[in-house]
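# Coordinates in review
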Amino acid sequence: MKKYRVLLGFVLALVMAVILCPFYTEVQAAKTPKLNTKAETIQLGETLKLTLKNAKGTVKWVSKDKKIATVEENGLVTALSSGKVKVYAKYSGKKYACTITVPKVTLNKTEYELKDGKSFKLKLKGAKAVSYKSSDKQVATVSKKGTVRGYKLGDTVITVKDAVGNEYKCDVTVVLDEEGHVHTPLTIKGYAATCTSEGLSDGTYCTVCGEVITKQTTIPVKAHDYENYVCKVCGATDPKKPCEHLHFVSDKKDPTCTEAGYTEKVSCADCGVVFMQSKELKALGHDFVGGVCSRCGKVCGVDVPHVPEVIEKAVPVTCTMPGYTEMIQCKECKAILQYPEMIPELGHDYQGGTHCVRCTADLNGHVHEWVIKKMVLPTCQEPGMTEDKRCATCGYVETVGQFIPRIPHVYVDGKCKKCGKKEDE
């Protein structure tokens, strides 16, 4: 028995180990330190933030070549020159490497022959250009975005500087244009933008041929310079200034018999915020007493037309009973506009037959009490029947119900499309 108990305990321990092993491995794997990236390419002067995930203690960062890229204590990498370098994260006796590639920086043009009055674009590849400079602005100028434009025959050097201070040069020679014409530029002065109006940049044109060399461009409106919610330049009020509400109450209008009114509205006289919205009041309608409105004094039927309303419906005349016209009064003042009038009975009209053509009474004055069985249409399941009409008192039959045969089934794909019965049932 003891032997079996030991064997059972061993089996249970083995089962628990099999169950818990994947969970333990997964937890351990989730806690393994790992760099957020193992390889990156960044341009000269740019930065990249490296982090060692799942690291709970101090991480030491080291660059293998500080001339290419440096790394700070927080893992921030800065590219200083072109090349490849490994940056290590040292943690708990292990090293984790990330390969940083800094591409070579080149200028798209190192020399250029520029025709007078024309332009071309200088671009720095592999780094961001932070400044452009011309050694002789009378020969050619360069914009903040690298556009070089020629003005005068001669040579100049355009220097481009990147974010870390490296310089790249392009030798520019300005020559005559196709027509052999040399522009004589004249500057058109622009004006600065303000917080209320747009500005205009300087421009140049040739005084000889009139060609626009540098086009004037619009300078966007500047932002207001607010102090205590007032612009120091133009005196405009800051729209974000809290409003010191000045309550304004609009006049209310009382409703009349025929026109709607409205309640008062409360709002701010400065910013227009509504504190209490106006509500419509429906027209009161006339209050007629003895035909005269107690509110406005108008007379119903004279100043105001009567509103007819039927209070007793008309009674139709028959062969043996008189009829009556309808009784009408004014809905507003209740005056009787039309009294009922009697219409004498019509009498029977046999027209040479034995029954009245209107009420079907026979020559003795008998009026049939009809029992009608309405027509039943046939289906593919049941037969139908025509209308059956006969008198319940005397037994007179006007129409006899006739049998209508059942209609045939209409089978589609083995089933009747009307009742659903299968074709072989």
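These numbers were taken from a predicted model, which means no experiment stands behind them.

What follows deals with a positive patch on the surface. Among the surface-exposed residues, Lys60, Lys64, Lys84, Lys86, Lys90 and Lys95 lie close enough to one another that they form a single positively charged patch. Broken down by element, the positive patch gets its largest block of residues, three residues, from strand β8 (residues 83-91). Its place among the elements puts Lys64 in the loop between β5 (60-63) and β6 (69-71). When its relative accessible area of 64% is taken as the criterion, Lys64 is described as exposed.

For the rest of this paragraph, the subject is the sheet that holds strand β38 (residues 370-373). Taken in spatial order, the three strands make up an open sheet running β38-β40-β41, and their pairing is antiparallel. Among the strands making up the open sheet, the edge pair consists of β38 and β41 (397-399). Pairwise comparison of adjacent strand axes, ignoring direction, gives a mean angle of 15° for this sheet. Bridge count for strand β40 (residues 388-391) against β41 is two bridges, and the pairing is antiparallel. Within the sheet, the bridge partner assigned to Lys389 lies in β41 and is Thr399.

Another aspect to go through is the confidence of the model for the protein. Across the protein, pLDDT averages 87, with 92% of residues at or above 70. Every residue in residues 23-29 is under pLDDT 50, and counting partners more than four places away or in other chains gives zero contacts.

Another aspect to go through is the pattern of salt bridges. In a structure, side chains of opposite charge can pair up when their charged atoms sit close to one another. The final tally for this structure, using the stated rule, is nine salt bridges. Its salt-bridge partner being Lys169, residue Glu167 comes within 3.6 Å of it at the nearest N-O pair. With its nearest N and O atoms 3.7 Å apart, the salt bridge here joins Lys232 to Glu227. Judged by its relative accessible area of 52%, Lys232 falls in the exposed class. Overlapping salt bridges bring together Lys161, Glu167 and Lys169 as one network.

The subject of this paragraph is the nonpolar core. Ranked by size, the top nonpolar core spans 39 residues in total, and within it Trp61, Val77, Ile100, Leu122 and Val148 carry the most contacts. Elements with a contribution of two residues or more to this core: β6, β7 (76-79), β8, β9 (94-102), β15 (140-142), β17 (154-162) and β18 (167-175). Apart from residues no more than four positions distant in its own chain, Ile100 is found in contact with Glu40, Ile42, Leu48, Val77, Gly83, Lys84, Val85 and Val87.

Per the stated rule, a full pass over the model turns up one aromatic pair. A centroid spacing of 3.9 Å and a plane angle of 25° characterise the contact between Tyr112 and Phe120, whose relative ring orientation is stacked. By relative accessible area, which is 6% here, Phe120 ends up buried. Positioned above the aromatic ring of Tyr88, the side-chain terminus of Lys95 is 4.5 Å from the ring centre.

What counts, and where the lines are drawn
- Residues numbered from 1 in each chain as written.
- Predicted model: local features only at pLDDT ≥ 70, side-chain atom pairs only at ≥ 80, totals over all residues.
- Heavy atoms only, no water.
- Patch = residues over 30% accessible without salt bridge, like charges linked within 9 Å, V, L, I, M, F, W, Y side chains within 5 Å.
- Areas by Shrake-Rupley, 256 points an atom, 1.4 Å probe, with all protein chains shown as cover.
- Salt bridge = Lys/Arg side-chain N within 4 Å of Asp/Glu carboxyl O.
- Lys, Arg positive; Asp, Glu negative; His and termini not counted.
- Charge placed at Lys NZ, Arg CZ, Asp CG, Glu CD.
- Helix = DSSP H or I, 4+ residues; strand = E, 2+ residues; numbered from the N terminus.
- Buried < 20%, exposed > 50% of the residue type's maximum accessible area, 1.4 Å probe, protein only.
- Pairing = 2+ DSSP bridges.
- Axes fitted to C-alpha atoms, helices over the stretch in contact; angles between N-to-C directions.
- pLDDT = per-residue confidence, 0-100.
- Contact = heavy atoms within 4.5 Å.
- Core = buried A, V, L, I, M, F, W, Y, C linked by side-chain atoms within 4.5 Å.
- Phe/Tyr/Trp six-rings, centres within 6.5 Å; stacked < 30°, edge-to-face > 60°.
- Lys NZ or Arg CZ within 6 Å of the ring centre and 35° of its normal.

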